[in-house]
Amino acid sequence: MNIASAYENGKLTLYLQGELDHHSARPAMKAIERELEQSLARECVLDMSGLTFMDSSGIALILKAHKLAAAQGGKVWIEHPSRQAMRVMETSGIERIVPIAQET
């Protein structure tokens, strides 16, 4: 699991790449936490176009990112989820808390 970031005009984009599972979730969350704290971004995008796999650990990561951003007065949303990641998110109902932007 790798996370690349880009920051522009108050918007932090985090590009998640690889597999997001119980082995990679903890270090990924620490990386996201660091990025949010350093940037103090008002908007945070979790770009999931590079994820090849996500299990329920990804839901915990999304919720933690949402909580951290909200504590800073910001918001989080998800972009470009794979079909597999989208199924996990739909099953969890996470879209009621964190918006998911999908390409049509």
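Residues numbered from 1 in each chain as written. Predicted model: local features only at pLDDT ≥ 70, side-chain atom pairs only at ≥ 80, totals over all residues. Heavy atoms only, no water.

Student: What exactly am I supposed to notice about the sheet that holds strand β5 (residues 100-101) here?
Tutor: Strand-to-strand pairing in sheets goes through backbone hydrogen bonds, with the strands running parallel or antiparallel. Strand order in this open sheet of 5 strands is β1-β2-β3-β4-β5, and the pairing throughout is mixed. Single-partner strands in this sheet number two, and they are β1 (2-8) and β5. Strand contacts of helix α1 (residues 25-39): β1, β2 (11-20) and β3 (43-54), with the helix running at about 170 degrees to β2, the strand carrying the most contacts. (Pairing = 2+ DSSP bridges. Helix = DSSP H or I, 4+ residues; strand = E, 2+ residues; numbered from the N terminus. Contact = heavy atoms within 4.5 Å. Axes fitted to C-alpha atoms, helices over the stretch in contact; angles between N-to-C directions.)

Student: Teacher, can you tell me more about the environment of M29 here?
Tutor: Mapped onto the elements of the fold, M29 is located in helix α1. The sequence separation of M29 and K64 amounts to 35 residues, and the corresponding C-alpha distance is 7.7 Å.

Student: Looking at this structure, how should I read the nonpolar core?
Tutor: Soluble, globular proteins show a tendency: their nonpolar side chains are buried together. L20, I32, L46, M54, I62, I78 and M89 are the most contacted members of the largest nonpolar core, which totals 30 residues. If you list the elements that add at least two residues to this core, you get β2, α1, β3, α2 (56-71), β4 (75-79) and α3 (83-92). When residues in this core are grouped by element, the largest group, 6 residues, is from α2. For L20, the contacting residues outside a window of four places in its chain are M1, A25, A28, L51, F53, M54, D55, G58 and L61. (Core = buried A, V, L, I, M, F, W, Y, C linked by side-chain atoms within 4.5 Å. Buried < 20%, exposed > 50% of the residue type's maximum accessible area, 1.4 Å probe, protein only.)

Student: Is there a simple way to think about the side chain of D21 in this case?
Tutor: With respect to the element layout, D21 can be found in the loop between β2 and α1. Although D21 is buried, it makes no salt bridge; R26 carries the closest opposite charge, 11 Å away. In this view, D21 contacts F53, D55 and S57; residues no more than four positions away in its chain are not counted. (Lys, Arg positive; Asp, Glu negative; His and termini not counted. Salt bridge = Lys/Arg side-chain N within 4 Å of Asp/Glu carboxyl O.)

Student: What is the right way to look at the environment of L61 in this model?
Tutor: Inspection of the secondary structure puts L61 in helix α2. When its relative accessible area of 2% is taken as the criterion, L61 is described as buried. Residues L61 and M29 lie 32 residues apart in sequence; the distance between their C-alpha atoms is 6.0 Å. For L61, the residues in contact, after removing those within four places along its chain, are L16, L20, A25, A28, M29 and I32.

Student: Quick question: what am I supposed to make of unusual backbone geometry here?
Tutor: Trans peptide bonds make up most of the peptide bonds, and negative phi angles are found at most residues other than glycine. Of note in the backbone geometry, N9 takes a positive phi value of approximately 50 degrees without being a glycine. Within the secondary structure, N9 is located in the loop between β1 and β2. Not every positive phi belongs to a glycine, and L40 is a case in point at roughly 50 degrees. Relative to the elements of secondary structure, L40 occurs in the loop between α1 and β3.

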